[in-house]
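Below are the chains, spelled out letter by letter.
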Amino acid sequence: MTYREALERAGAYLEECRIADARTDAWYLMEYCCHMSRTQYLMKLREPVPEEEYARYQELLQQRGTHVPLQHITGEQEFMGLSFRVNDQVLIPRQDTEILVEQALQQAKAGMRVLDLCTGSGCIIISLLKLCPGLLGTASDISPEALQTAGENARRLGVETVFIESDLFERISGSFDLIVSNPPYIPTGVIDSLMAEVRLFEPRTALDGREDGLYFYRRIIAESGPYLKTGGWLMFEIGSDQGEAVSGLMRRGAFRCVRVVRDLSGLDRVVIGCRC
Ligand code: GLN
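Residues numbered from 1 in each chain as written. Predicted model: local features only at pLDDT ≥ 70, side-chain atom pairs only at ≥ 80, totals over all residues. Heavy atoms only, no water.

So what's going on with the site of the ligand? Which residues, and what values?
Taken together, L91, T97, C118, T119, G120, C123, I124, N182, P183, P184 and A206 make up the full set of residues adjacent to the ligand. A distance of 2.8 Å separates an oxygen atom of the ligand from a polar atom in the side chain of N182. Between the ligand and A206, the relevant distance is 2.9 Å, taken from a nitrogen atom to a main-chain nitrogen or oxygen of the residue. Here the ligand has 290 Å² of accessible area as a free molecule, and 97% of this is covered by the chains. Using a 2 Å cut-off from the grid points, one finds that the ligand occupies the second largest pocket. Looking at side-chain class alone, the shell around the ligand contains seven nonpolar, four polar and no charged residues. (Near = heavy atom within 4 Å. Polar contact = N/O pair within 3.5 Å; in protein donor to acceptor, adjacent residues only side chain to side chain. Areas by Shrake-Rupley, 256 points an atom, 1.4 Å probe, with all protein chains shown as cover. 1 Å grid on protein atoms, 1.4 Å probe; cavity = no way out; pocket = protein on both sides within 12 Å on 5 of 7 lines; lining within 4 Å. Sits in = over half its atoms within 2 Å of the grid points. Nonpolar A, V, L, I, M, F, W, Y, C, P; charged D, E, K, R; others polar.)

Right, here's the structure in full:
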């Protein structure tokens, strides 16, 4: 079996399994399994795949065929141009979340203190610290397993962050210039209609925003007072249909300059507001 044939079959197999980007994922798994760039592949397409490598490739395809996310198989996801380790204990970083990081970078300056609530893989706080050197980062999550992954990501990417196991502000002390969060925001009743990759393999605690999806926004807005300096910013990622609700909560919570920011597809994605 040549590389070209193996890839062709793999794509067809994943299509049969109704994997969304079957052909792309077949390639990513080959790249991962055979340690091969696209150029190397093009040079080797007519060569036979060594037996062991082929067997390993089939194993990975079978996993992906059962809807295990690609990132759980390869163990990584790129975010803000950085490579993050991921596993089934953390939400896989999404490209949409880069909008939140970009908004935060507009306010961030060396010496400021930033807090990331529900840090998961740590992708938000770690990207901020990488891209704005001198920023002082604290991050919390209720899950010790998530914090372990976030800690590993911070170490690998060479940034210093204080990680605290905490239910939102419970164990946080001090005040911050910037608080960012991509909290769980999917209404409980909607989770079962999400794609299998998310519904079956991503941690439910990272998805579930309770009955109306707004539980964590309400709590963070209500509890942020003592932790956000006057003139400091609170910034959230939101679901695309939550812009009005979350900006309303912030305005009523005495935030000013409240603004909804759209993502690249024109959907509401981030809400920001300044503490009076
Ligand atoms: N902050 C992490 C991220 O954006 C995790 C978010 C979450 O678990 N809801 O990927």
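So that's the structure; there's more coming.
Help me get a handle on the nonpolar core, residues and values and all.
Counting residues in hydrophobic clusters, the biggest one holds 31 residues, and the most contacted among them are L128, L135, L178, V180 and M235. Listed by contribution, the elements that provide at least two residues to this core are β2 (82-85), α6 (98-107), α7 (123-131), α8 (144-157), β6 (176-181), β7 (228-237) and β9 (268-275). Examining the composition of this core, we find that six residues originate from one element, α7, more than from any other. Excluding anything up to four places from it in sequence, L128 contacts V101, A104, L105, V114, L135 and V180. (Core = buried A, V, L, I, M, F, W, Y, C linked by side-chain atoms within 4.5 Å. Buried < 20%, exposed > 50% of the residue type's maximum accessible area, 1.4 Å probe, protein only. Helix = DSSP H or I, 4+ residues; strand = E, 2+ residues; numbered from the N terminus. Contact = heavy atoms within 4.5 Å.)

Go over the pattern of salt bridges, please, and point to the residues and values.
Opposite charge on two side chains makes pairing possible when the charged atoms of those side chains draw close. Under the definition given, this model contains 15 salt bridges. R85 is the partner of E152 in a salt bridge, and the nearest nitrogen-oxygen pair spans 4.0 Å. On the criterion of sequence distance, the pair formed by E152 in helix α8 and R85 in strand β2 is long-range, its members being 67 residues apart. E152 sits in the partly exposed class, given a relative accessible area of 31%. (Salt bridge = Lys/Arg side-chain N within 4 Å of Asp/Glu carboxyl O.)

Everything listed here is a matter of geometry and, on its own, says nothing about what the molecule does.
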